[in-house]
Amino acid sequence: MEQRTFIFEIGDFLVSSEILTECFCCDYEKCGGCCCIIGDSGAPVEENEIPLMKENFANYSPYLTAKGIREIERQGFAIRDYDNDLVTPLVENRECAYCCFDEKDNCFCAIEKGYLYNGGKFRKPVSCSLYPIRVSTLSNGKTALNLHRWSICDEAFEKGRKEGIKVFRFLKEPIVRAFGQEFYSALEEASRSLTAS
C-alpha cells in the first residue's frame with residue numbers, strides 16, 4: 001500500500017514526510033556525477049554563498065576546466081536563470097562551470113575538491129549537498145523542504161531502498177551543517193513517531 005505524503009512543521013520549517021519515508025543513496029559508480037551536467041539550469045545558489053565562492057576561488061580554481069574559468073569570468077560566480085532564480089553558470093548550456101573531470105570523464109565539484117585538498121572554507125552550494133532535498137522560501141517566511149525526483153537518480157532511490165537508508169539519514173551531515181543538530185534531532189523524533197503510528 002502506498003504511503004500517504006503530508007507536510008509537518010519544525011519551527012519555521014515545513015517538511016515533506018517523503019524526506020523521512022523515502023530511501024536514497026547516491027550510486028556514483030553508475031551515474032558518474034551526471035546531475036552536475038544534465039539539466040537546463042545551474043545549481044541553486046544562496047545569496048550569502050556568492051562572497052564565499054569569490055573568497056575561496058584560489059582554493060578551487062586549480063581544479064576548474066579552462067572553459068569553466070572562462071564562463072565564471074564572463075558570467076560571474078552566480079547568475080539569474082529564466083525563472084529569476086540564483087544559480088551557478090553553465091558551460092555551453094551544459095555542465096556547471098564548477099565541474100571538474102577525471103580521466104574517465106567522471107564529474108566532480110571543483111569547489112568541494114578545493115575544500116577537501118586545499119584548505120578551502122566553503123564546501124559547495126548547500127543545494128548540491130542537500131540533493132535530493134530542495135529548499136525554498138515561502139511568501140509567509142517559512143522554509144519548505146521537499147523531495148525532488150529526477151530520472152537520472154532512479155538508481156540512487158533504488159539503492160537506498162535496497163540498503164534501507166532514508167533520505168534524511170543519508171543527508172545527515174549536510175542537514176546538520178545547513179540547519180543545525182537540533183533540527184536533525186527533530187527529524188529523527190518525527191521519524192520515530194511516524195514508525196510508531
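Helix and strand counts for the protein chain stand at eleven helices and ten strands. Taken against the 2.2 N^0.38 rule, which gives 16 Å for 197 residues, the C-alpha radius of gyration of the protein chain at 17 Å falls within 12% of a compact globule. The principal-axis extents of the C-alpha atoms in the protein chain amount to approximately 55 × 40 × 35 Å. The proportion of buried residues among the 197 residues of the protein chain is 43%. Taking contacts inside the protein chain between residues at least 6 apart in sequence as the whole, the part at least 24 apart equals 62%. When the accessible surface of the protein chain is summed, it comes to about 11,200 Å², and 49% of that surface belongs to carbon and sulfur atoms. One finds the centroid of the 24 positive side-chain charges in the protein chain at a distance of 3 Å from the centroid of its 31 negative side-chain charges.

Below, the discussion takes up the packing of helix α10 (residues 172–179) against helix α11 (residues 181–196). Viewed as axis vectors pointing N to C, α10 and α11 meet at an angle of 130°, and their least axial separation amounts to 7 Å. Classified by the angle their axes make, α10 and α11 are oblique. Counted together, K172, I175, V176 and F179 of α10 and Q181, F183, Y184 and L187 of α11 form the full contact between these two elements. Residues that form the contact of α10 with α11 fall into these classes: six nonpolar, one polar and one charged.

Following the criterion strictly, the structure yields zero disulfides and no others. Unpaired in terms of disulfides, C96 finds its nearest cysteine sulfur in C99, a separation of 4.9 Å. You can call C96 buried: its relative accessible area is 13%.

Counted according to the given criterion, the structure contains 15 salt bridges. Between R123 and E112 there is a salt bridge whose closest N-O contact spans 2.7 Å. Taken together, the residues R123 in the loop between α6 (110–117) and α7 (126–130) and E112 in helix α6 connect sequence positions eleven residues apart. The class of E112 is buried, set by a relative accessible area of 16%. Each of E18, E22, R149 and R161 takes part in one network of salt bridges that share partners.

Between its first and last C-alpha atoms α11 spans 23 Å; for 16 residues at 1.5 Å apiece the expected length is 22 Å, and the two agree. Listing the buried residues of α11 in full gives F183, Y184, L187, E188 and S191. Down the axis of α11, the buried side of the element spans an arc of 150°, and every buried residue falls inside it. More than 90 degrees from the buried face of α11, the exposed residues found are E182 and A196. Tucked inside the fold, the buried residues of α11 contact β1 (7–10), β2 (13–16), α1 (18–21), β10 (143–147), α9 (167–170) and α10.

Next up on the list: the environment of F183. For F183, the position within the fold is in helix α11. Look at F183 and you get buried, because its relative accessible area is 5%. In this structure F183 touches I10, F13, V15, L145 and I175, once residues within four positions along its chain are discounted.

Taken in spatial order, the four strands make up an open sheet running β1-β2-β10-β9, and their pairing is mixed. Either end of the sheet is taken by a strand with one partner, and the two such strands are β1 and β9 (133–137). Across the sheet, the axes of successive neighbouring strands diverge by a mean angle of 25°, strand direction being ignored. Relative to β1, α11 is tilted by about 140°, and along the sheet it contacts β1, β2 and β10.

As paired elements, β9 and β10 share five bridges and run antiparallel to each other. For T137, the partnering residue across the bridge sits in β10 and is T143.

Scoring rules and cut-offs
- Residues numbered from 1 in each chain as written.
- Predicted model: local features only at pLDDT ≥ 70, side-chain atom pairs only at ≥ 80, totals over all residues.
- Heavy atoms only, no water.
- Helix = DSSP H or I, 4+ residues; strand = E, 2+ residues; numbered from the N terminus.
- Rg over C-alpha atoms; globule rule 2.2 N^0.38 Å.
- Buried < 20%, exposed > 50% of the residue type's maximum accessible area, 1.4 Å probe, protein only.
- Contact = heavy atoms within 4.5 Å.
- Areas by Shrake-Rupley, 256 points an atom, 1.4 Å probe, with all protein chains shown as cover.
- Lys, Arg positive; Asp, Glu negative; His and termini not counted.
- Charge placed at Lys NZ, Arg CZ, Asp CG, Glu CD.
- Axes fitted to C-alpha atoms, helices over the stretch in contact; angles between N-to-C directions.
- Parallel < 35°, antiparallel > 145°, perpendicular 65-115°, else oblique.
- Nonpolar A, V, L, I, M, F, W, Y, C, P; charged D, E, K, R; others polar.
- Disulfide = S-S within 2.5 Å.
- Salt bridge = Lys/Arg side-chain N within 4 Å of Asp/Glu carboxyl O.
- Expected span 1.5 Å × (residues − 1).
- Arc of directions from axis to C-beta.
- Pairing = 2+ DSSP bridges.

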